[in-house]
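Structure at a glance
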Amino acid sequence: MDFRIDPELCVACLACVRVCPSDAVAVEDERVWIVDEACTRVGLCLPACPHEAIIAVGDATRALEFTLSHKAVLILAVESAAWFYPATPEQVVNACYAAGFGVVHRGVLGDELVAKQYLDLWAEEEWGSGGTVIRSTCPVIVETIKNQYPELIPYLAPVATPIEAEARYLKALYGEDTPIVYTGVCLTEGGADVDAAITLAELEGIFKKRGVRVEDQPLFFSRIPEERRRYWSTAGGLPLELLKEERQSSRRFRKVRGLGALEGIARAVGVDRIDLGFVDILPCEGCLDHPLLGPKEELFRRRAIVGATEPPRAPAPVLADGVEIEVGAAFAIEAGAKQPAQELVDEIIDLIGLAPNGRTWDSGACGYATCQEFAVAAAQGRTTLKSCPRYLERQAALAQQQAAVDALTGLASFRVLRDRLANEVARCHRSGDHFAVLFLDLDNFKQVNDRFGHEAGNVVLRETARRCTAHIRSTDLAGRYGGDEFVVVLVGTGEEGASGVAEKVRAAVEEVGVGLGYPNGFVTASIGVAEYRPEHKEEDVLVAADRALYRAKAAGRNRVRVATGTESEEPST
């Protein structure tokens, strides 16, 4: 069985990411998908999705092909009684025969085989008196241990799953070439011994394709049913004798539910060296609690239905004499997923950035509980930084910062300069204050580029910017207007003070040329000065400073000129 996400219904709300215990959900922009290699098929994502975008997919096509031969053996899970209710179990079994299945077994023989194997192992001294053994009849538990807690693999009970054991038993009973089809809720149980595994919904689909209506079937068995009474087992293959012998508080037997308990078990066994005895652990309250069967609030209803259809216990073993199979299992000690290099994880966390308290954000907005978990997933390719709101906010702030700063000189960009001038004009109208503007242009800059190269010109521009910044206050603003032109906004400064600053800047630029080894008078600057007053609100102070600049150039360059009262009426040259 595989889980799939319908892209038409998915809105990337990340609800599936938050509940997935194996981090098998990958996210990139608005695209969400499930990584089959990492998925343990626990099914928690199915009820968590509010948009019903996740579906479970089995081998329905192959199972349908098997019905055409009328030779396939169907293992029908006992949970089918709750799925097809109000149809009776007799009607469901009759419908399976009518659809083309040759033999129908109802999922008890596997429980009997596993329960017998557990009783044999329980009788061994090390199981009954000490040590730790983890029940392994649930493939979800086994896969989770392989992927996340490999240190627990040696403690897994060497017993196959009930469906796997029943499939081996049926092949020994009917022939090795007999196709085995399993229908239920945990479709990873059968392994290689099951030829096709389908959900109960897919079985219902096969009925429709074969023209079979369950409600139209007889209320009695149309064929003599296969034995489904229990002798040793309870649901899931746990021995009844073990439940009777050991109480819930027993140190030899512990009943645990939920994948979250594995972390505590791993610590108890691997770190604290505690013997836990026989640990019966399942990801949920059994198959009737599986997400594929419906919401949790209907669990007791489903239990009542299945319990009402459970026949009395058999007085003797129901397994056929002379049929011998291997019910054992082996688990290789290996981590299911390679962990990414810590350097790569740290690099991703650096890109996300830290919160003001110096720690990772851990906001959960990306679908992961912590930034560390998100960074591991991103390093493994299961998500991207585009799914992290904090990273996107940081990138937007960085882009805004970059747009506000000239990359070459480090001064304010033209956009920031324009906004600052507008703000200063508005402030002066409110307060009656004034400010001044310096418009600076480098003399002979084209000759610097032509004779010494553009990199030399860039050095001149950077040094000019540095000298402009050195002679202004923190409340003032220096910006690059464009090319070799610079503008300085002097807050609360009049014409006389601005002229003094302009002379200092002009002299500093001339020193730059000499310091860089250029001939005297080769690298210089012409500067125009203009003062803005609220009473002159019709006057464009930047235009006035620009015209004063051209007057400085016309007067021989390397000098400062102040805009006159009629500057705005003079044509620029």
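Residues numbered from 1 in each chain as written. Predicted model: local features only at pLDDT ≥ 70, side-chain atom pairs only at ≥ 80, totals over all residues. Heavy atoms only, no water.

1. Concerning the overall build of the chain
- Scanning the chain from N- to C-terminus turns up 21 helices and 16 strands.
- A compact globule built from 573 residues should have a C-alpha radius of gyration of about 25 Å, whereas the chain, at 40 Å, is more than 25% larger.
- Each principal axis of the C-alpha distribution contributes one length, and for the chain these read about 120 × 55 × 50 Å.
- Taken over 573 residues, the chain has a buried fraction of 50%.
- By element, 51% of the accessible surface of the chain is carried by carbon and sulfur atoms, the whole surface being about 27600 Å². (Helix = DSSP H or I, 4+ residues; strand = E, 2+ residues; numbered from the N terminus. Rg over C-alpha atoms; globule rule 2.2 N^0.38 Å. Buried < 20%, exposed > 50% of the residue type's maximum accessible area, 1.4 Å probe, protein only. Areas by Shrake-Rupley, 256 points an atom, 1.4 Å probe, with all protein chains shown as cover.)

2. Section: the sheet that holds strand β13 (residues 477-482)
- On the basis of which strands lie adjacent, the open sheet formed by five strands has the order β13-β14-β12-β15-β16 and mixed pairing. Looking at which strands have only one partner, the edges of the open sheet turn out to be β13 and β16 (560-562). Sheet twist, expressed as the average angle between the axes of neighbouring strands with direction ignored, equals 20°.
- Here five bridges tie β13 to strand β14 (residues 485-491), and the two strands are oriented antiparallel to one another. Opposite R480, over in β14, you have F486 as the bridge partner. (Pairing = 2+ DSSP bridges. Axes fitted to C-alpha atoms, helices over the stretch in contact; angles between N-to-C directions.)

3. Let's talk about the sheet that holds strand β9 (residues 196-199)
- In spatial order, the strands read β6-β5-β8-β9; together these four strands make up an open sheet with parallel pairing. Lying at the two open borders of the sheet, with one neighbouring strand each, are β6 (103-105) and β9. Each strand of the sheet is rotated relative to its neighbour by a mean of 20°, with strand direction disregarded.
- Pairing between strand β5 (residues 73-76) and strand β8 (residues 180-184): four bridges, direction parallel. Residue pairing for β8: L76 is matched across the bridge by T183.

4. Regarding helix α10 (residues 200-209)
- Of the residues making up α10, those classed as buried are L200, E202, L203, I206 and F207. Each buried residue of α10 sits inside an arc of 155° when the element is viewed along its axis, so together they form one side. In α10, the exposed positions angled more than 90 degrees off the buried face are occupied by K208 and K209. (Arc of directions from axis to C-beta.)

5. With respect to the packing of aromatic side chains
- Tallying each qualifying case throughout the model produces 10 aromatic pairs.
- Seen from their ring centres, F84 and F207 are 5.9 Å apart, and the 45° between their planes marks the pair as tilted. Taken together, the residues span a long stretch of sequence, with F84 in the loop between α4 (80-83) and α5 (89-99) and F207 in helix α10 at a distance of 123 residues. There is no split in this pair, since F84 and F207 are both buried. (Phe/Tyr/Trp six-rings, centres within 6.5 Å; stacked < 30°, edge-to-face > 60°.)

6. A look at the confidence of the model for the chain
- Counting all residues, the mean pLDDT for the chain is 84, and 93% of those residues have values of 70 or more.
- Within the model, pLDDT remains below 50 along residues 566-573, and this stretch shows 13 contacts once partners closer than five positions in the same chain are excluded. (pLDDT = per-residue confidence, 0-100. Contact = heavy atoms within 4.5 Å.)

7. Structural notes on the environment of E151
- Within the element layout of this structure, E151 appears in the loop between α8 (139-148) and α9 (162-174).
- A relative accessible area of 41% means that E151 is categorised as partly exposed.
- Along the primary structure E151 and G270 are separated by 119 residues, whereas in three dimensions their C-alpha atoms are 7.0 Å apart.

8. Section: the environment of P356
- Mapped onto the fold, P356 is located in the loop between α14 (342-352) and α15 (371-379).
- C-alpha of P356 to C-alpha of D120: the two residues are 236 residues apart in sequence and 60 Å apart in space.

9. Description of the nonpolar core
- Residues V181 and F207 are the most contacted members of the largest nonpolar core, which totals 69 residues.
- Take this core: its biggest share by element is six residues, from α5.
- For V181, the contacting residues outside a window of four places in its chain are A63, F66, A72, V73, L74, I75, F101, A196 and I198.
- Judged by nonpolar contacts, the second largest core, of 34 residues, contains W232, F253, V318 and L319. (Core = buried A, V, L, I, M, F, W, Y, C linked by side-chain atoms within 4.5 Å.)

10. With respect to the pattern of salt bridges
- Taken as a whole and assessed by the stated rule, the structure comprises 28 salt bridges.
- As a salt-bridge pair, R168 and D193 come within 3.4 Å of each other at their nearest N and O atoms. One end of the pair, R168, is in helix α9; the other, D193, is in the loop between β8 and β9, with 25 residues separating them in the sequence.
- D450 is the partner of K446 in a salt bridge, and the nearest nitrogen-oxygen pair spans 2.9 Å. Of the two residues, K446 and D450 both sit in helix α18 (residues 445-452), four residues apart, roughly one turn of that helix. Of the two residues, K446 and D450, both sit in the exposed class.
- Here the salt bridges share partners, and the residues they tie into one network are R420, E424, R427 and D433. (Salt bridge = Lys/Arg side-chain N within 4 Å of Asp/Glu carboxyl O.)

11. Focus on the side chain of T144
- Residue position: T144 is located in helix α8.
- For T144, a relative accessible area of 2% translates into the label buried.
- Engagement of the side chain of T144 in a polar contact is seen with the backbone oxygen of V140, the distance being 2.7 Å.
- Apart from residues no more than four positions distant in its own chain, T144 is found in contact with T40, Y149, L259 and L262. (Polar contact = N/O pair within 3.5 Å; in protein donor to acceptor, adjacent residues only side chain to side chain.)

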